[in-house]
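What follows is the residue order along each chain.
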Amino acid sequence: MKKTTVSLLLAAALLLSCMVGCGSNSESADEGETTLAGVGESAVLMTVDGREITAEEYLYWTCLVLDSYYYSSVYGASQDDEACSWVAENWDSLSLAIESYVLSYNEPLIHAEELGFAADEEAMNEYVDGIVAEYLTYYDDSEEALEDFLSQYCVSVDCFRGIGEKNWYCQELSDFLYGEGGEYAPTDEEVLAYADDAGYFACKYVFLSTVNYYTEAGIATVREKAEQLMSYIEQSDDPTAYFAEAILEPYWNDDTEESEDGLTATASNISTVFDEAVHSLEVGEFSGVIDDTDEFGYFIIQRLAVNPDDVREECCDYLFSELVSEWCADADVQYSEAYDGIGWQSFYAALTDYRLSFSEAAETE
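The model shown is predicted, which means the values in this text are computed figures rather than measured ones.

> How would you sum up the nonpolar core? Please name residues and give values.
In terms of nonpolar packing, the biggest core is built from 67 residues, with Tyr58, Trp91, Trp344 and Phe347 touching the most fellow members. Residue contacts for phenylalanine 347: discarding those within four places in its chain leaves Leu36, Ala37, Leu59, Thr62, Cys63, Leu66 and Cys154.

> I'd like to hear about the environment of leucine 173, residue by residue, with values.
Turning to its location among the elements, leucine 173 is positioned in helix H8 (residues 157-178). Judged by relative accessible area, which is 0%, leucine 173 ranks as buried. A sequence separation of 64 residues divides leucine 173 from leucine 109, and the C-alpha atoms of the two residues are 8.6 Å apart. For leucine 173, the contacting residues outside a window of four places in its chain are Pro108, Ala112, Leu115, Phe117, Phe320 and Trp327.

> Which residues make up the state of the cysteines, and what values do they have?
Counted according to the given criterion, the structure contains zero disulfides. Here cysteine 63 is not cross-linked by a disulfide; its sulfur's nearest cysteine counterpart is in cysteine 154, at 4.0 Å. For cysteine 154, a relative accessible area of 2% translates into the label buried.

> For unusual backbone geometry, give the residues involved together with the corresponding values.
Across the chain, the bulk of peptide bonds are trans and the bulk of non-glycine residues have phi less than zero. Backbone geometry places aspartate 140, a non-glycine residue, at a positive phi of 55°. The exposed category is assigned to aspartate 140, whose relative accessible area is 68%. Within the chain, cysteine 154 stands out as a residue other than glycine whose phi angle is a positive 60°. Among the secondary structure elements, cysteine 154 is positioned in the loop between helix H7 (143-151) and H8.

> Break down the packing of aromatic side chains for me, with residues and values.
A complete count under the given rule lists 35 aromatic pairs for this structure. Their ring planes at 80° and their centres at 5.1 Å tell us that phenylalanine 274 and phenylalanine 299 sit as a pair that is edge-to-face. Of this pair, phenylalanine 274 sits in helix H13 (residues 272-279) while phenylalanine 299 sits in strand E6 (residues 297-304), placing them 25 residues apart in sequence. Like phenylalanine 299, phenylalanine 274 is buried. The residue whose ring lies beneath lysine 225 is tyrosine 251, and the NZ or CZ to ring-centre distance is 3.9 Å. It is arginine 355 that lies over the ring of tyrosine 153; its NZ or CZ is 4.8 Å from the centre.

The rules behind these values
Per-chain numbering applies: the sequence of each chain, read as written, is numbered from 1 onward. Whole-chain, interface and lining totals are the exception, using all residues; otherwise, since this is a predicted model, local features are given only for residues with pLDDT of at least 70 and side-chain atom pairs are given and counted only at 80 or more. In computing side-chain properties, one takes all heavy atoms of the structure into account and sets aside hydrogens as well as water. Definition of nonpolar core: a set of buried residues of the types Ala, Val, Leu, Ile, Met, Phe, Trp, Tyr and Cys, connected through side-chain atoms within 4.5 Å. For every residue, the accessible area (1.4 Å probe, protein chains only) is compared with the maximum for its type, and the residue is labelled buried under 20%, exposed over 50%, or partly exposed between those bounds. Whether two residues are in contact is decided by their heavy atoms, any of which lying within 4.5 Å being enough. By the criteria applied, helices consist of DSSP H or I runs no shorter than four residues and strands consist of E runs no shorter than two, each listed in order from the N terminus. A pair of cysteine sulfur atoms is labelled a disulfide when the two atoms are within 2.5 Å. Aromatic contacts are taken between Phe, Tyr and Trp rings whose centres are within 6.5 Å, Trp giving its six-membered ring; a plane angle under 30 degrees counts as stacked, one over 60 as edge-to-face, and the others as tilted. Distance and angle both matter: a charge sits over a ring if NZ of Lys or CZ of Arg is within 6 Å of the ring centre and within 35 degrees of the ring normal.

Here you go:
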């Protein structure tokens, strides 16, 4: 969780904002759209280890899950009768996903005190203020537009700030436990064990592009250049040092800016050919000339040992997520009569109509 510069609650909603209208519908936006589900905003829909989860909070996660799951399952489909039927047909699995979000955002707060973590109220408020400010920037500093948008997720600004505070707890508790000086901060050996299990590799490379060569003869000249460099590396008294210098030379490398610092990852996002070549190497070994001309050109790669500092943050994120998963698995979750009385297909139909009113308002502005 720590790695995200914008929290899930912010990023997901911004991503999905393209799916809902942005016009003004002031008649109903101030009333609390939990009424779309037939409940008041302060109604308790569930408890997590005795902590009450209000309709506002639960319906916020419900809206995000329903929108994202439907949009990804039926790509490009609109929120219509088909979507509402899909909600009813898949509610069992969808409700588990919603519950997972609710638990993941509440369990760290529930366990923080017993772990000796005390919230820095000033820092937390500053963090939440930053989230709201980012939203306001997105909506041209219009508080009304922000309220209208959040109402389409059945949540008020105040409740959204509360969810933001829980996200702050997730990030800061992770640092408190697993960050530098934390009680459970992983050792270098533990980080490297995580990296090995997760399939991380480290490497440096040079890249000679064939993208702008349209003949076999032109591509052949690039390969000759790559083979020449490989021969110089092999003949060098210090192949690793020679290769490090070649990486910085534009003559030898068409990707000096990206490859100078090397790469540590589970997948390079360069190409399958590149990744397969790296995984076939031992630490310190050179690949020879790798032909990836179907995509980009030629690579020469040297696999390196993973530096624990390069994956420590990911390791800490993983360890904290495992801890939260344990909390969630052991959580006492109880649903209320108010929850049992909600018809989720009817709710999504009402939500869709409500959102359409904003789209229609935007079209007339």
